[in-house]
Amino acid sequence: MTRYVRAPILIGAVIVGGWVLVALLAPLIAPFDPLKSLVALASPGARAPGGGVFWMGTDFLGRDIFSRLIYGARPVMTLSAIATLTAYAVGVCGGMAAGYLGGVTDAALSFLANVILSFPVLVIFIVIIVALGASPLNVVIAVTFASAPAIFRIVRAITGDLKSRDFVAAAITQGESLGHILLVEILPNATSPL
């Protein structure tokens, strides 16, 4: 791996690792209770009653914005992990089905993926959240809906290539089931690009 490839990986790991530490150490880092009302609309750097500083000020309810940012890392890290895993699961399953079965299945799933990819991601997020409401489950649905088609296209292309290989033909000749062929023969060989 060259240094040009390692640098972005290292930068990403430091950023994500830093936020994971912030989420884990939130009770130790946050100067105030994120739900407690103190002074409404205090400016950044203002002194808090009883000691301390509002580093980012307070909101209209008097809650410290810096403390809320720190505590907000917890649900964000959890939701982002769940949404990413869900998007991968949907994209991989759909991509393997379309790439292996081909025909009408491939045409229908590819059409759906291309329609979703034709919209800007932010528009998709806004439409889903407005239609379904703001909740953690709906955020996961929105991220999955917007991210799965790109994963689908990669897996579909790889599966289409792998299904013509000799090891898949040998599995078919042995009478292996479709599930076995997809999960044991194709999926392990399709994971490196993902």
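Rules and cut-offs
- Residues numbered from 1 in each chain as written.
- Predicted model: local features only at pLDDT ≥ 70, side-chain atom pairs only at ≥ 80, totals over all residues.
- Heavy atoms only, no water.
- Phe/Tyr/Trp six-rings, centres within 6.5 Å; stacked < 30°, edge-to-face > 60°.
- Helix = DSSP H or I, 4+ residues; strand = E, 2+ residues; numbered from the N terminus.
- Buried < 20%, exposed > 50% of the residue type's maximum accessible area, 1.4 Å probe, protein only.
- Salt bridge = Lys/Arg side-chain N within 4 Å of Asp/Glu carboxyl O.
- Patch = residues over 30% accessible without salt bridge, like charges linked within 9 Å, V, L, I, M, F, W, Y side chains within 5 Å.
- Areas by Shrake-Rupley, 256 points an atom, 1.4 Å probe, with all protein chains shown as cover.

A. Spatial organisation of the packing of aromatic side chains. Counting across every chain of the model gives one aromatic pair. Taking 5.2 Å as the distance between ring centres and 40° as the angle between the ring planes, the aromatic pair formed by Phe 32 and Phe 54 counts as tilted. With Phe 32 in the loop between helix 2 (26-29) and strand 1 (46-47) and Phe 54 in strand 2 (residues 53-54), the pair connects residues that are 22 residues apart, well separated along the chain. Here the two residues Phe 32 and Phe 54 agree in accessibility, since each one is buried.

B. The pattern of salt bridges, seen in detail. Tallying each qualifying case throughout the model produces three salt bridges. Where Arg 63 meets Asp 59, a salt bridge forms, and the shortest distance between an N and an O atom there is 2.8 Å. Each member of the pair, Arg 63 as well as Asp 59, carries the same accessibility label: buried.

C. Main features of a nonpolar patch on the surface. On the surface, Ile 11, Ile 15, Trp 19, Trp 55, Met 56, Ile 65 and Leu 69 cluster together to form a nonpolar patch covering roughly 700 Å² of accessible area. Elements with a minimum of two residues in the nonpolar patch: helix 1 (3-24) and helix 3 (65-101). Take the nonpolar patch: its biggest share by element is three residues, from helix 1. The topology assignment puts Ile 15 in helix 1. Residue classification places Ile 15 among the partly exposed positions, given a relative accessible area of 49%.

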